[in-house]
Amino acid sequence: MTSYVIEADGGSRGNPGPAGYGAVVKDAADGQVLVETAEAIGTQTNNVAEYRGLIAGLQSLLALAGDGAAVEVRMDSKLVVEQMAGRWKIKNEGLRPLALEAAALARRLRVTWRWIPREKNKDADRLANEAMDAAAKGRPWRLSGSSATGSPGSRENGLAGSPAGGPGRKARASASPAAAQDSLLDLLGSDDVSAGQEAVAPVAAGTGWRPPTTVATTLLLLRHGETPLSAERRFSGLGDPELTANGITQAEAVAARLSREPYGIQVVVSSPLRRARATAEIVATRLGLEVAVEEGLRETDFGDWEGYTFTEIQRRWPDELAAWLADPSAAPPGGESFEVAARRVQATGDRLVERYEGRTVLAVSHVTPIKMLLRLALLAPLDALYRMHLDLAALSQIEYYADGPAVVKAFNDTSHLR
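Quick caveat, the model's predicted, so the values are computed rather than measured.

Thresholds, definitions, all that
- Residues numbered from 1 in each chain as written.
- Predicted model: local features only at pLDDT ≥ 70, side-chain atom pairs only at ≥ 80, totals over all residues.
- Heavy atoms only, no water.
- Salt bridge = Lys/Arg side-chain N within 4 Å of Asp/Glu carboxyl O.
- Helix = DSSP H or I, 4+ residues; strand = E, 2+ residues; numbered from the N terminus.
- Buried < 20%, exposed > 50% of the residue type's maximum accessible area, 1.4 Å probe, protein only.
- Pairing = 2+ DSSP bridges.
- Axes fitted to C-alpha atoms, helices over the stretch in contact; angles between N-to-C directions.
- Contact = heavy atoms within 4.5 Å.
- Parallel < 35°, antiparallel > 145°, perpendicular 65-115°, else oblique.
- Nonpolar A, V, L, I, M, F, W, Y, C, P; charged D, E, K, R; others polar.
- Polar contact = N/O pair within 3.5 Å; in protein donor to acceptor, adjacent residues only side chain to side chain.
- Expected span 1.5 Å × (residues − 1).
- UniProt positions renumbered as here; feature names shortened; annotations may be inferred.
- Core = buried A, V, L, I, M, F, W, Y, C linked by side-chain atoms within 4.5 Å.

### Here we look at the pattern of salt bridges
Link 1 in the chain: Evaluated as defined, the whole model comprises 28 salt bridges.
Link 2 in the chain: Arginine 52 is paired through a salt bridge with glutamate 39; the nearest N and O atoms lie 3.5 Å apart. Residue arginine 52 is located in helix 1 (residues 46–65), and its partner glutamate 39 is located in strand 3 (residues 33–44); the two are separated by 13 residues in the primary sequence.
Link 3 in the chain: The exposure class of arginine 52 is partly exposed, given its relative accessible area of 26%.
Link 4 in the chain: Between arginine 87 and glutamate 82 there is a salt bridge, with its nearest N and O atoms 3.0 Å apart.
Link 5 in the chain: With a relative accessible area of 34%, arginine 87 lands in the partly exposed category.
Link 6 in the chain: Sharing partners across several salt bridges, the network here consists of Glu7, Lys26, Glu72, Arg74, Arg114 and Asp123.

### Here's the deal with the sheet that holds strand 7 (residues 217–223)
Link 1 in the chain: One open sheet holds the 6 strands; their spatial order is 9-8-10-7-11-12, and the pairing between them is mixed. Sheet topology places strand 9 (291–293) and strand 12 (406–413) at the edges, where each strand pairs with a single neighbour. On average, adjacent strands in this sheet sit at an angle of 20 degrees to one another, irrespective of strand direction.
Link 2 in the chain: Where strand 7 and strand 10 (residues 360–365) come together, 6 bridges link them in parallel fashion. Each bridged residue has a counterpart across the sheet, and for leucine 221 the counterpart in strand 10 is alanine 363.
Link 3 in the chain: Most of the contacts of helix 12 (residues 367–377) go to strand 7, to which it runs at about 145 degrees, and overall it touches strand 7, strand 10, strand 11 (395–400) and strand 12.

### Some words on the packing of helix 11 (residues 338–355) against helix 12
Link 1 in the chain: For the pair helix 11 and helix 12, interaxial distance at closest approach is 9 Å and the crossing angle is 70 degrees. Classified by the interaxial angle, the pair formed by helix 11 and helix 12 is roughly perpendicular. Judged by residue contacts, Phe338, Ala341, Ala342, Val345, Gln346 and Gly349 of helix 11 engage Thr368, Pro369, Met372, Leu373, Arg375 and Leu376 from helix 12.
Link 2 in the chain: Among the residues forming the contact of helix 11 with helix 12, the class breakdown is 8 nonpolar, 3 polar and 1 charged.

### Describing the environment of aspartate 67
Link 1 in the chain: Mapping aspartate 67 onto the fold places it in the loop between helix 1 and strand 4 (70–75).
Link 2 in the chain: Measuring from C-alpha to C-alpha, the distance between aspartate 67 and leucine 105 comes to 9.3 Å, with 38 residues separating the pair along the chain.
Link 3 in the chain: A distance of 3.1 Å separates the side chain of aspartate 67 from the side chain of arginine 108, its partner in a polar contact.

### Remarks on helix 7 (residues 245–258)
Link 1 in the chain: Helix length check: helix 7 (14 residues) gives 20 Å between terminal C-alpha atoms against 20 Å at 1.5 Å per residue, within 8%.
Link 2 in the chain: Buried residues in helix 7 make contact with strand 7, helix 8 (274–287), strand 10, strand 11 and strand 12.

### Let's talk about the environment of histidine 416
Link 1 in the chain: When you line up the elements, histidine 416 lands in the segment after strand 12.
Link 2 in the chain: Take histidine 416: its relative accessible area is 13%, and that puts it in the buried class.
Link 3 in the chain: Sequence spacing of histidine 416 and alanine 393 is 23 residues, and the spatial spacing of their C-alpha atoms is 9.0 Å.
Link 4 in the chain: Within the structure, the side chain of histidine 416 is placed 2.9 Å from the side chain of arginine 257, a separation counted as a polar contact.

### So, the environment of glutamate 339
Link 1 in the chain: Position of glutamate 339 relative to the elements: it lies in helix 11.
Link 2 in the chain: Here glutamate 339 falls in the partly exposed class, since its relative accessible area comes to 36%.
Link 3 in the chain: Glutamate 339 sits 43 residues away from leucine 382 along the chain, and the two C-alpha atoms are 7.5 Å apart.
Link 4 in the chain: Beyond its immediate sequence surroundings of up to four residues, glutamate 339 is in contact with Pro328, Ser329 and Leu382.

### A closer look at the UniProt feature "binding site: substrate" (unreviewed entry) in the protein
Link 1 in the chain: As annotated by UniProt and renumbered to match this structure, "binding site: substrate" (unreviewed entry) occupies Arg275.
Link 2 in the chain: Excluding residues that lie within four positions of it along the chain, arginine 275 makes contacts with His224, Thr227, Ser236, Gly237, Gly239, Asp240, Pro241, Leu243, Glu299 and His366.
Link 3 in the chain: A distance of 3.3 Å separates polar atoms of two side chains, one belonging to arginine 275 and the other to histidine 224.

### Side note on the nonpolar core
Link 1 in the chain: Leu54, Leu58, Val73 and Trp113 are the most contacted members of the largest nonpolar core, which totals 36 residues.
Link 2 in the chain: Of all the secondary structure elements, the ones that give two or more residues to this core are strand 1 (4–12), strand 2 (17–27), strand 3, helix 1, strand 4, helix 2 (78–84), helix 3 (96–106) and strand 5 (110–115).
Link 3 in the chain: The dominant element in this core, judged by the number of residues it contributes, is helix 1, at 7 residues.
Link 4 in the chain: Leave out the neighbours within four places in its chain, and leucine 58 touches Ile6, Val73, Ala102, Leu105, Ala106 and Leu109.
Link 5 in the chain: Formed by 35 residues, the second largest nonpolar core is a distinct cluster that contains Val267, Trp305, Leu321 and Ile370.

Written as structure tokens, this is what we have:
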């Protein structure tokens, strides 16, 4: 059962003109408003404002409930709902970055998409109109009747207070329906919608079983080759050992494999640490590509445990190790928790998918970042990190689609080393 509902809207007076958006997060069980947010965004089009409203709603839910929350997103914008569900193409390049940002946020949640008529989207419509009023006056939006407490532009009601839009809070008229329809038809080809065609019944997102509707953005995830520390099964975080001779041989084997079909790698990125960069350089040279360094792909900082074996750590830091194994928010002494590392890796993964949309990217990294990206694709909890094993020079693969789902296609593949 869906746990949350997001209702989002946006509009402009003039298309383009003074624009704003509004979004509401509700408890799906009783309809109580948990968060509402809005913003005046200057001069923009209806569609830009609608996407901005969606993004704000998704961000608000993630801040409230975290990754993996189940939500039904309801909007009266047929364009946004159908594009996010992957059934309509994005033909306006100005909307593409917003759609990619929204899709990256949606991948962190369990989302179903539903079109609703405007009269059933009154809360978000009211907030969007308040924001448009503010934009027309060149002012920031402020919550009606709110105090100065809390951050401007948003409110969390918690468990107290009445839902927004109650008695005495009349919704204003929204942006012109005719202008919105003209904008929609400009964006879509004749194969998407015919002039005068009415919006159909509410739709839901795919489940991941149906075929993808767009070209995938592919991340091939490669763990670096052997180092002196990995050969002795020692913790190796921000320490910077070189590859061993065996590690170089492993990297060369990966390079030979990836230079053949069907991979077609177009981009190579790497952690800044030497063992990953050396592995990436060997592969990139074989492919005739350059290596771009991504700081967010670095390994977790293991602090005082750097260079020690598991047994040595168990003897010297038994309580700290037990806490670390039991709780992803616990950090090694002087180090970084998996919870903190997760935020860094997730931001990096979202950035790579957006930057290299539709391309095949080889990302050379380490055990923790690769596991993080895989568990995010699977919507698995942080605890899943303790249930994965990655070998040296192993390949894994994730495909990301604009219609929402991320699909793990391979995991810990070392066939090139045999």
